[in-house]
Amino acid sequence: MQVSENKVVSIHYTLTNDAGEVIDTSVGRAPLSYLHGAGNLIPGLEKALEGKACGDHIDVSLAPEEAYGQRDEALIQVVPKSAFEGIEEIEPGMQFQAQTPAGRQILTVVEVYEDEVVIDGNHPLAGETLHFSVEITEVREATEEELAHGHAH
Ligand code: ZN
């Protein structure tokens, strides 16, 4: 069975950056299962898997445009510390999720001053070329429930 729309695909993957550092991997864990064609993977990776079959191995490099986009300096903002009410200690590197009109966004704390905090709304992998090594371990039809939900179960 080939990878195409409305199939549930299981993959083992290793993601490395340009420097060859492993950013994420499924090795040692359960494979990642996703519903193909539902926008659950980054577009470039989904495109590379299209038409492949169980047992296939692919290596694909994705420019930022096909992955998490270029960095946008306008997404770096200074906000008052009071915006973090209820959080005892704010430190650089901390990440928060925010719901925005454009969808879920990851905010990373860059710098902390006495009254203000610098936050970066860029995706942590924005501006990076991503190298995926992927092995397809299963391809099956999605159930009606999975199609209705828009994700694999
Ligand atoms: Zn569901």
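Attention here is on the structure that accompanies the text.

Rules used throughout
- Residues numbered from 1 in each chain as written.
- Predicted model: local features only at pLDDT ≥ 70, side-chain atom pairs only at ≥ 80, totals over all residues.
- Heavy atoms only, no water.
- Helix = DSSP H or I, 4+ residues; strand = E, 2+ residues; numbered from the N terminus.
- Buried < 20%, exposed > 50% of the residue type's maximum accessible area, 1.4 Å probe, protein only.
- Contact = heavy atoms within 4.5 Å.
- Areas by Shrake-Rupley, 256 points an atom, 1.4 Å probe, with all protein chains shown as cover.
- Lys, Arg positive; Asp, Glu negative; His and termini not counted.
- Charge placed at Lys NZ, Arg CZ, Asp CG, Glu CD.
- Phe/Tyr/Trp six-rings, centres within 6.5 Å; stacked < 30°, edge-to-face > 60°.
- Core = buried A, V, L, I, M, F, W, Y, C linked by side-chain atoms within 4.5 Å.

### Section: the overall build of the protein
Helices and strands together make up the secondary structure of the protein, namely two helices and nine strands. Shown N-terminal to C-terminal, the secondary structure of the protein runs as helices and strands in the order β-β-β-α-β-β-β-β-β-β-α. If one aligns the C-alpha atoms of the protein with their principal axes, the spans along those axes are about 60 × 40 × 30 Å. Looking at the protein as a whole, 32% of its 153 residues qualify as buried. Within the protein, contacts between residues at least 6 apart in sequence are counted, and of these 62% link residues at least 24 apart. Summed over all atoms, the accessible surface of the protein reaches about 9,100 Å², with 48% contributed by carbon and sulfur. Averaging the positions of the 8 positive and the 28 negative side-chain charges in the protein gives two centres separated by 7 Å.

### Digging into the packing of aromatic side chains
For the structure on display, the rule yields one aromatic pair. Ring centres 5.3 Å apart and planes at 55° place the aromatic pair Phe-84 and Phe-96 in the tilted group. You can see Phe-84 sitting in the loop between strand E5 (76–80) and strand E6 (95–100) and its partner Phe-96 sitting in strand E6, a full twelve residues away along the chain. On the basis of relative accessible area, Phe-84 is assigned to the buried category, the value being 9%.

### Structural notes on the nonpolar core
Burial of nonpolar side chains together is a common tendency in soluble globular proteins. Judged by nonpolar contacts, the single largest core of 21 residues is most densely connected at Leu-45, Leu-49, Phe-132 and Val-134. Listed by contribution, the elements that provide at least two residues to this core are strand E1 (7–16), helix H1 (43–49), strand E4 (57–62) and strand E9 (130–141). Among the elements that take part in this core, E9 stands out by supplying five residues, more than any other. For Phe-132, the contacting residues outside a window of four places in its chain are Thr-14, Leu-15, Ile-42, Leu-45, Ile-58, Asp-59, Val-60 and Leu-62. Listed in part, the eight residues of the second largest apolar core include Phe-84, Ala-98, Val-109 and Val-117.

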